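# Geometric and topological summary
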Amino acid sequence: MIVELGHFALVLALFVALAQSVLPLVGAAREHAGLMGFARAAALAQLLLLVVAMGALMEAYVVSDFSVLNVVQNSASTKPLLYKVAGLWSNHEGSMLLWVFVLALVGGALAISGGRAGGNLPPALRARVLAVQGMIGVGFLLFILLTSNPFLRALPVPPEGRGLNPVLQDPGLAFHPPFLYLGYVGFSVAFSFAVAALIEGRVDAAWARWVRPWSLASWCALTVGIALGSYWSYYTLGWGGWWFWDPVENASLMPWILGTALIHSSIVVEKRDTMKAWTVLLAILTFSLSLIGTFLVRSGVLSSVHAFATDPRRGVFILGLLAAAIGGSLTLYALRAPSLRGGGLFAPVSREGALVLNNLLLSCACGTVLVGTLYPLFLDAVGGPKISVGFPFFNETFVPLMVPLLVALGPGAMLAWKRGDLPGVLQRLWAAFALAALVGLGAFWATHGGPILAVLGLALAAWMVGGVLAELAERLRLFRLPLAASWGRARQLPRAAWGMSLAHFGLALTVAGIAASPFEHETIALIRPGGTAELAGYTLEFTSLVRRQTPDHLIDDATIVVRRGNEQVAVMHPQRRLFPQLQQTTSETAIRTNGLVDLYIALGDPDPSGAWTLRAYEKPLVSWIWLGALVMAAGGVVSLSDRRWRVGLSARRRRA
């Protein structure tokens, strides 16, 4: 009965979304307060209905209701509660329900939010924004009900479920999709603001202040989601890497890149009343890339560990949804964007100019990822040869675009608005130059002239750190005022400024972790218990192998004693797990880190003679990649806590 209630709630949510997408637009056009106010009630009603639908399916998973086909295919009664819950979004149907639930969640938050992100929205603009949110909901609710119903019954009812894909039975994968969806779907708010602004024909500084918190919150969630997925790939799949340029990985990276550009361009709209049309276009394209990612994952055109759907009907439906959402919004943009004229003029060398450069490089970088991701699919669709685009293409196109962006990060943040003094800024960055030179020479000496590009990458990361510190010192007048006065300025500094510095510092950490990748060492050995292998001065002794049985899988647990000379460094336990019901094996890698170097060991398959494949790595600074991502997200959260998001709009309106 609860399952039918969830299905009925989905149907009702579709009708509510239909009303939400039409009536508020009519009310805004006619200035009818009642119809405009209906948008808030409809958004909250849609959220309530999707809470019911989500709760109904969640209850079926928790109690192992095997009369529900979705539960049968993705859960089992022996699974821990965490993996029963995660099983809901480990499949196509459940993940789409999570998608529309998050969409309703951000719509409801927009409907009830206070001054920080929309409480002072003009009624007509709010109505139009929520109406566009309703249109998106209509498309995805139709998609679920017509092609991806998660509430279908299983007849006859089996005594047990098939269980969750073993690769997905990991805490990181339990939280990875919700964070990704908060990012993907969160950008729908910026998209809706952009479409509403095009309908009204007006974009101003207040519009930018309403858009930026939503964009920043979505960017933070997407940053965490990508980092969780990357770290899961690193420690679970046993291949030793953290990014494969897989098309589905790229599908999450592209909206992150354009979302970064959107956050920066909205600053220019707010501060200088220019770049309006460009910022609106970025808001449209960022969410459009989220929709393209949905198509890639669920259309069946990809074979990936991430891809869910193989039903062509779903791909055709999503393709139609893409055409309607992206084509419709871009058509509206072509018609109305010429009226969005910016009023602020600025010199090429200025803070605005630096942010324009930031946007151009980020957009071009996103374009290279898009081409590399879609070109093989396009070639296959027109009957061409099957090709794959991997590391060489992306390293030779994406990286060269990122280097000038990172070089310009420090000086750009210190340039004045409207007209800047670049020579003067570079003089004030002498300490950053010195730090970059020191780190570069130190890395060159320590690695005996190791890969020069890696050495330059570490020097670039040091340059970024020096730029962040120099920019903070200048804000606080650290070398021109007594320490107490500088501390007073620090307490008065807006949280958004601290958040920006923290995010840029996190980016520098990630760059350092990436740059150190060529310095890693690897060994692959075929050894029996009692044998040894060598890795970069370490001796790995395979002392024993223990086999254990759990209710649903078999564990081969190896004990590896790691020594450097006569000193024992660590005892590590890589595992291989066999799931007989699914005839699938997974790796549980053993990782020892001190924050500077990771020792990484993965246990492979045995050969007929009883020897086991052992893959081991020494990876310097690799943990900084994910630490930097978390620091970037923390910087975004600090910026979101700035009081200006709460009171700035009200003060601005009172002054007006």
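What you see is a predicted model, and the numbers here were worked out from it, not measured in a lab.

## Topic: the overall build of the chain
Secondary structure summary: the chain contains 20 helices and ten strands in total. Its C-alpha atoms give the chain a radius of gyration of 27 Å, near enough to 26 Å, the size a compact globule of 656 residues would have. In the chain, which comprises 656 residues, the proportion classed as buried is 55%. In the chain, the share of contacts with a sequence separation of at least 24, taken over all contacts with a separation of at least 6, comes to 72%. Within the structure as shown, the chain displays about 27800 Å² of accessible surface, and the carbon and sulfur contribution to it stands at 67%.

## Side note on the pattern of salt bridges
This model, assessed by the stated rule, comprises 18 salt bridges. Between R209 and E270 there is a salt bridge whose closest N-O contact spans 2.4 Å. Here E270 lies in helix α9 (residues 247-272) and R209 lies in helix α8 (residues 205-236), a separation of 61 residues in the sequence. Among the residues examined, R209 registers a relative accessible area of 5% and is labelled buried. A salt bridge links E522 to R615; its shortest N-O distance comes to 3.2 Å. Of this pair, E522 sits in strand β1 (residues 521-527) while R615 is found in strand β10 (residues 612-620), placing the two residues 93 residues apart along the sequence. Owing to a relative accessible area of 44%, E522 belongs among the partly exposed residues under this scheme. The structure contains a network of salt bridges with shared partners spanning R547, D556, R576 and D605.

## What about the nonpolar core?
Residues L10, L50, L97, W99, F193, W207 and V280 are the most contacted members of the largest nonpolar core, which totals 136 residues. Take this core: its biggest share by element is 16 residues, from helix α7 (residues 171-200). With near-sequence residues (within four places) excluded, F193 lies in contact with L110, L121, L125, V129, W207, W210, V211 and W214. Membership of the second largest hydrophobic core comes to 25 residues, among which are V455, W463, V511 and F519.

## Details of the packing of aromatic side chains
Note on aromatic pairs: each is described by the distance of the centres and the angle between the planes. Applying the stated criterion across every chain, the model contains 20 aromatic pairs. Ring centres of W239 and F244 lie 5.4 Å apart, and the angle between their planes is 85 degrees; on these two criteria the pair is classed as edge-to-face. Looking at W239, the relative accessible area reads 26%, which means it is partly exposed. Under the relative-accessibility criterion, F244 is labelled partly exposed at 47%. Judged by centre distance (5.2 Å) and plane angle (80 degrees), the ring pair of F393 and F394 falls under edge-to-face. The exposure class of F394 is buried, given its relative accessible area of 0%.

## A few points about the environment of L621
Tracing the chain through its elements places L621 in the loop between β10 and α19 (623-640). Using a relative accessible area of 15% as the deciding quantity, one classes L621 as buried. Residues L621 and R272, spaced 349 residues apart in sequence, show a C-alpha to C-alpha distance of 40 Å. Apart from residues no more than four positions distant in its own chain, L621 is found in contact with L458, A512, G513, A516, L596 and V597.

Criteria and cut-off values
- Here the residue index of a chain counts from 1 through its sequence in written order.
- Residue-level local features of this predicted model are given only where pLDDT is at least 70; pairs of side-chain atoms are given and counted only at 80 or more, and the full residue set underlies all totals for whole chains, interfaces and linings.
- With hydrogens and water set aside, each side-chain value is computed from the structure's full complement of heavy atoms.
- Runs of E in the DSSP output that reach at least two residues are strands. Runs of H or I that reach at least four are helices, and both are numbered from the N terminus.
- Based on C-alpha atoms, the radius of gyration is set beside the globule rule, defined as 2.2 Å times the residue count to the power 0.38.
- Whether a residue is buried, partly exposed or exposed follows from its accessible area with a 1.4 Å probe, protein chains only, as a fraction of its type maximum: under 20%, in between, or over 50%, in that order.
- Only heavy atoms matter for contacts: two residues are in contact if any of them lie within 4.5 Å across the pair.
- Per-residue and other accessible areas follow the Shrake-Rupley method at a 1.4 Å probe size, with only the shown protein chains counted as cover for residues.
- Criterion for a salt bridge: a side-chain nitrogen of Lys or Arg within 4 Å of a carboxyl oxygen of Asp or Glu.
- Buried Ala, Val, Leu, Ile, Met, Phe, Trp, Tyr and Cys residues form a nonpolar core when they are joined through side-chain atoms within 4.5 Å.
- To pair, rings of Phe, Tyr and Trp, with the six-membered ring standing in for Trp, must have centres within 6.5 Å; the planes then decide the type, stacked if under 30 degrees apart, edge-to-face if over 60, and tilted in the middle.

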